[in-house]
Amino acid sequence: MSTGKVVLGAVAGLAVGAILGVLFAPEKGSVTRKQIADKGHDFADDLKSKYQEFADSVTEKFKSAKQDVQELAETGKAKYEEVKKDTNNAISSYKS
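Quick summary incoming for the structure in this document. In this text, all values refer to a predicted model and were calculated from it rather than measured experimentally. (Residues numbered from 1 in each chain as written. Predicted model: local features only at pLDDT ≥ 70, side-chain atom pairs only at ≥ 80, totals over all residues. Heavy atoms only, no water.)

1. A look at the overall build of the protein chain
Along the backbone of the protein chain there are 2 helices and 0 strands. The C-alpha atoms of the protein chain give 30 Å as radius of gyration, which overshoots the globular expectation for 96 residues (12 Å, by more than 25%). Structurally, the protein chain occupies a C-alpha span of about 100 × 25 × 10 Å along its principal axes. The 96 residues of the protein chain split such that 3% are buried. Counting 15 positive and 14 negative side-chain charges, the protein chain places the averaged centre of each group 4 Å from the other. (Helix = DSSP H or I, 4+ residues; strand = E, 2+ residues; numbered from the N terminus. Rg over C-alpha atoms; globule rule 2.2 N^0.38 Å. Buried < 20%, exposed > 50% of the residue type's maximum accessible area, 1.4 Å probe, protein only. Lys, Arg positive; Asp, Glu negative; His and termini not counted. Charge placed at Lys NZ, Arg CZ, Asp CG, Glu CD.)

2. Re the pattern of salt bridges
Overall, the coordinates contain 2 salt bridges when judged by the stated rule. Close ionic contact of Glu82 with Lys79 constitutes a salt bridge, the shortest N to O distance being 3.9 Å. With Glu82 and Lys79 both in helix α2 (residues 29-95) and 3 residues apart, the pair spans about one turn of that helix. On the basis of relative accessibility, which here comes to 47%, the residue Lys79 falls in the partly exposed class. (Salt bridge = Lys/Arg side-chain N within 4 Å of Asp/Glu carboxyl O.)

3. Details of a nonpolar patch on the surface
Residues Val16, Ile19, Leu20, Leu23, Phe24 and Ile36 make up a contiguous nonpolar surface patch of roughly 560 Å² in combined accessible area. The leading source of residues in the nonpolar patch is helix α1 (residues 3-23), at 4 residues. In this structure, Val16 sits in helix α1. (Patch = residues over 30% accessible without salt bridge, like charges linked within 9 Å, V, L, I, M, F, W, Y side chains within 5 Å. Areas by Shrake-Rupley, 256 points an atom, 1.4 Å probe, with all protein chains shown as cover.)

4. Remarks on the environment of Ala44
Along the chain, the position of Ala44 falls in helix α2. Ala44 gets classed as partly exposed once you look at its relative accessible area, which sits at 31%.

Right, here's the structure in full:
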C-alpha cells in the first residue's frame, strides 16, 4: 500500500470523524452548522497546504533531475569530442 493512499485515508477518516462529532454534539442547529463550516474551511486549508507541499516537492525533484540530465549531457558531449579528436588523430597518423 502506498504512503499516499495511507495519508489520504487518514485525512479522510479525520474529516469524517470531525463532521460526525459535530453532528452529534448537543448544540443548536445554527451553532452546529457554523462548526461544520469552520471544520470544512480548516480541512480545505489543510488540503491546500498539503497540495502546496506536494507541488514544491515535485518541482524540486524536477529541477534536480533536470540538472542531472544537463550534467550527463555535458559529460557525454565532452566524451564525444574526445573520441572524435582521438579518431581524427588516428586517421591522420594512418594516412601519413
